[in-house]
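Understanding the architecture of this molecule
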Amino acid sequence: EGFGARLRNEATFKLTDGTAVDARLGAFIVTAWASYRFWARPFRLFGKPSCFKLDALAGVRWYHVSVNVTLPVGPPIDTTKDWVDPIVGLGAMLDFGPRWVLHAKGDVGGFGAGSDFAWWFTTALEYRFSRLFSMSAGWAAMSADYTSGTGDDAFEWFVTMTGPMLILGFRF
């Protein structure tokens, strides 16, 4: 299983003397994990068959972050950083019959191997159009605390993001 997101933002800031500074941030984040279902309990919900499942997750998350700052004088500041975090987590699914599923997944990672610490949490409601295709809508939140280098080569990325997500799914 896997997940990817591309994020971009641009802004212009005014310094106290009115000088404009342009800044661009881009991030591409890809998560790949393997899961092991260690618990599944069927039950009846409103008279219909349902099932609650728990999965253990383990994998990696790759970050590609780019920053570009254009100052009124001097060369632009342009840097790109890549790092990989090991992750472990837990996933839960509640089937509401053959078409509706409520998902929740959370993980933690980094542990100093890439980020000092990182976490990710998602929850979504999925509708299965068929055995192959589905759509999910939900909410995601993530945070990463990454530092590298010193002095002029220092790079720090302390970011927490949250927002809605829409997923088109394909199962094979």
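Anyway, here's the lowdown on the structure attached to this text. Everything numeric in this text was worked out from a predicted model, so none of it was measured.

**Observations concerning the pairing of strand β8 (residues 155–170)**
For a regular strand, the rule is simple: side chains alternate between the two faces of the sheet. With 16 bridges joining them, strand β7 (residues 133–148) and β8 adopt antiparallel strand pairing. By the bridge assignment, G138 is partnered in β8 with M165. Linkage of β7 to β8, two consecutive antiparallel strands, is achieved through a turn of six residues, within which G149 is found at a positive phi near 70°.

**Let's talk about the packing of aromatic side chains**
Within this structure, the stated rule accounts for eleven aromatic pairs. Ring geometry for F28 against W62: centres 5.8 Å apart, planes inclined by 80°, an arrangement best described as edge-to-face. With F28 in strand β2 (residues 20–45) and W62 in strand β3 (residues 48–70), this pair connects stretches of sequence that are 34 residues apart. Measuring from centroid to centroid gives 5.3 Å for F133 and F170, while their planes differ by 50°, and the two rings are tilted. Note that F133 is positioned in strand β7 and F170 in strand β8, a separation of 37 residues in sequence. With a relative accessible area of 48%, F170 lands in the partly exposed category. A network of ring pairs unites the aromatic residues Y63, W83, Y146, F155 and W157 as a single cluster.

**Regarding the pairing of β3**
Across 23 bridges, β2 lies against β3 in antiparallel orientation. By the bridge assignment, W33 is partnered in β3 with G59. Counted between consecutive antiparallel strands, the loop separating β2 from β3 contains two residues, among which F46 sits at a positive phi close to 55°. Relative to strand β4 (residues 77–95), β3 is paired through 19 bridges, and the arrangement is antiparallel. From the neighbouring strand, V60 faces β4, where its bridge partner is P86. Taking the residues that link successive antiparallel strands as the turn, the β3-β4 hairpin has six residues, and the phi of G74 there is positive, at about 85°.

Conventions adopted
- Residues numbered from 1 in each chain as written.
- Predicted model: local features only at pLDDT ≥ 70, side-chain atom pairs only at ≥ 80, totals over all residues.
- Heavy atoms only, no water.
- Pairing = 2+ DSSP bridges.
- Helix = DSSP H or I, 4+ residues; strand = E, 2+ residues; numbered from the N terminus.
- Phe/Tyr/Trp six-rings, centres within 6.5 Å; stacked < 30°, edge-to-face > 60°.
- Buried < 20%, exposed > 50% of the residue type's maximum accessible area, 1.4 Å probe, protein only.

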